Amino acid sequence: MSLNDEKDTNHLSDLDTVDLLFGDLIRVSKDGECFVAVDHLTHIAEVGSTEAEAVNNLKQAIREHINVVKNTLEQMRDFDRAFREDAGDS
Amino acid sequence: MSSDLPHNLPLQNVLSLLREFDYFEVPGSDRPGGDRYIHLRHSDDRTVITIPNRARAHRAVLRSALIQGGILEKEFTERLKGAISVSGKESIIAHVDILGFKSLLDEAKESESRFDELLNHYHKALRSAFSRIKSVTEMRHKYDWKRISHVRVYTDNLLFVSELGWQTGGESEFGRTIDEIAMYQLELAIEGFFTRGGAVIERAYCDEVTVFSPALMDAAGIEKRALFPRIILENSAREKLRRYLEWYNNPAFCHFSDMVVIDPDGTWFINYLYVLRWFSDDVMDWTEYCEEEIPACGPYHPEALCQLHQHRDHIKKRLAEFKDNPAIFRKYLWLACYHNWFCSTYFSEDGDVRIPDVGTELMFTGCLVAKSRINHNDR
């Protein structure tokens, strides 16, 4: 799966899907007083005072990250379309 | 995982440093989830970094941001030095200078043509030695991006500063720096420039513009204590090495056993000629592995032998040149003894590499051999 492909990211917006797809890729470790959760696909990290909190925070972060990547791809596609239309007009 | 990244860095510092790597914050309207996270997008492509929007960034979060953005930790740490307060770290510092450089400059004053001749010879030797060090350190740092050793050259002075890591008490950084110094020393020696100096362990700070360490105050003293053309390990460096030697029993597994040897006067110094044996063995093994034809020079690689012959010839020339100047002659006599000991120990099957008629022999010992004696003395 590539996060740079819009088709792949369309179905990743809700937390359940994130849970399903990323659950196995999350590793949690203790660092001093807090827990650190890292997703080994996107490399995003989050912290929490408990293991569960760190994982939940991370899933939220992954979800937002995917949405921003999706928005970025949409913007680029729109820009590309506008550019082609402009070029075609001239 | 070891890391030089700060434990909790203010978010504003993180954002301003990421801007230096062309990552800019995605505007609020483009962010569907509100302000809980900050997203940064690269100015040239669609790479997005996501980090929690909290006052301080945890070290793990910072590391994750760098991985997401494809930013080398080494490069980020260097930029960080300009943005936050810095601190010194235990480092190995070596100060090296070229023997007889002052007389070389005096000689250069005699005529314009002599000036250019000496300049070109020195320039070629120094550039070659420095570029070799640079390429080796760069190659090593490419695969070990957390540690950076700094090398500075000023006239005939060369300064190596390398932070010691916390893993295995900094043994790998210590060993690498010793190797780098030895390579530098060898490159200059085969061009006829012999070096002396010393290595210490001291708290230091170094970046692109600053070198800061109390050890620098005693640089001249270190060189004087070296006495002969050799790079010695001062007390602090020797103590550190002794601690590493505790971990080894078999010399075959201890790189230091050959790289640092002990003079009969008790001084520990870098056995820079060992780089030739090391090079020869590596190339010969590789040639054999590739089933290529092995050059007809016995068990040694011809280039290593050629460089050893050059080393021999430079010493012979200096011995003849300074035979009426006892103060300088004894320095080259010591060098001749070291050369002959090295040849007998590591290139014993080539009868032509020794310097004849030296009239005296010195027996050096590998530092690991001295381990039991040192331990015994400690107790």
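Residues numbered from 1 in each chain as written. Chains lettered and ligands numbered in written order. Predicted model: local features only at pLDDT ≥ 70, side-chain atom pairs only at ≥ 80, totals over all residues. Heavy atoms only, no water.

1. Things to note about the interface of chain B and chain A
- Taken together, the contact between chain B and chain A spans 22 residues of the former and 23 residues of the latter.
- Considering only the side of chain B, the residues that lose the most area to chain A are Tyr37, Arg46 and His58 of chain B, jointly responsible for 27% of the buried surface there.
- In this assembly, chain B and chain A are joined by 2 salt bridges.
- For Asp31 of chain A, the salt bridge identified is with Arg59 of chain B, shortest N-O distance 4.0 Å.
- Our count for the chain B to chain A interface comes out at 10 residue pairs in polar contact (both at pLDDT 80 or more).
- Among the secondary structure elements, those contributing two or more residues to the side of chain B that touches chain A are strand E3 (37–42), strand E4 (48–52) and helix H2 (59–69) of chain B.
- The leading source of residues in the side of chain B that touches chain A is H2 of chain B, at 6 residues.
- Of the residues belonging to the side of chain B that touches chain A, the class tally is 8 nonpolar, 7 polar and 7 charged. (Contact = heavy atoms within 4.5 Å. Buried area = accessible area lost by both parts, 1.4 Å probe. Salt bridge = Lys/Arg side-chain N within 4 Å of Asp/Glu carboxyl O. Polar contact = N/O pair within 3.5 Å; in protein donor to acceptor, adjacent residues only side chain to side chain. Helix = DSSP H or I, 4+ residues; strand = E, 2+ residues; numbered from the N terminus. Nonpolar A, V, L, I, M, F, W, Y, C, P; charged D, E, K, R; others polar.)

2. Overview of the side chain of Ser213 of chain B
Residue and element names in this part refer to chain B.
- Mapped onto the elements of the fold, Ser213 is located in the loop between strand E10 (211–212) and helix H7 (219–226).
- Of the residues examined, Ser213 reaches a relative accessible area of 10% and is grouped as buried.
- A polar contact of 3.2 Å, which involves the side chain of Ser213, links it to the backbone oxygen of Arg203.
- Apart from residues no more than four positions distant in its own chain, Ser213 is found in contact with Ile93, Glu202, Arg203 and Ala204. (Buried < 20%, exposed > 50% of the residue type's maximum accessible area, 1.4 Å probe, protein only.)

3. A look at the environment of Thr210 of chain B
- Among the secondary structure elements, Thr210 of chain B is positioned in the loop between strand E9 (195–206) and E10.
- Ignoring any residue separated from it by four or fewer positions in sequence, one finds Thr210 of chain B in contact with Arg152 and Tyr205 of chain B.

4. Considerations on H7 of chain B
All names here are of chain B.
- For H7, the full list of buried residues reads Ala219, Gly221, Ile222, Glu223 and Ala226.
- Turning to H7, the residues buried within the fold contact strand E6 (89–98), strand E8 (157–163), E9 and strand E11 (231–233).
- Leu227 lies just past H7 and shows a positive phi near 65°.

5. A look at the sheet that holds strand E2 (residues 34–39) of chain A
Residues and elements named next belong to chain A.
- Read across the open sheet, the 3 strands follow the order E1-E2-E3; overall the sheet is antiparallel. Strand pairing shows two members of the sheet lacking a second neighbour, strand E1 (26–31) and strand E3 (45–48), which therefore form its edges. Taken over all neighbouring pairs, the strand axes of this sheet differ in orientation by 25° on average, direction set aside.
- In this sheet, E2 lies alongside E1 in antiparallel orientation, the contact comprising 6 bridges. Along E2, the bridge assignment pairs Asp31 with Cys34. (Pairing = 2+ DSSP bridges. Axes fitted to C-alpha atoms, helices over the stretch in contact; angles between N-to-C directions.)

6. Concerning the packing of helix H6 (residues 171–189) of chain B against helix H10 (residues 274–289) of chain B
Residues and elements named next belong to chain B.
- Contact pair H6 / H10: the axes reach a minimum separation of 9 Å and the direction vectors enclose 100°. As summarised for this structure, H6 and H10 are arranged roughly perpendicular, according to the angle between their axes. Packed against H6, whose contacting residues are Asp179, Ala182, Met183 and Leu186, the element H10 presents Val275, Leu276 and Trp278 at the interface. (Parallel < 35°, antiparallel > 145°, perpendicular 65-115°, else oblique.)

7. Describing the confidence of the model for chain B
Residue and element names in this part refer to chain B.
- Of all residues in chain B, 89% have pLDDT values of 70 or greater, and the mean over the chain is 83.
- The secondary-structure element of chain B with the lowest mean pLDDT is helix H13 (residues 371–378), recorded at 47, while strand E13 (residues 268–270) shows the highest, at 95.
- Model confidence for the complex: the whole-complex pTM is 0.67, and ipTM, which rates the interface, is 0.78. (pLDDT = per-residue confidence, 0-100.)

8. Let's talk about the pairing of E3 of chain A
All names here are of chain A.
- The two faces of E3 match: Ala45 and Val47 on one face and Glu46 and Gly48 on the other face are all buried.
- With 4 bridges connecting them, E2 and E3 associate as antiparallel partners. Residue pairing in the sheet places Val36 in a bridge with Val47 of E3.
- As consecutive antiparallel partners, E2 and E3 are separated by 5 residues, and within that stretch His43 has a phi angle of approximately 70°, a positive value.

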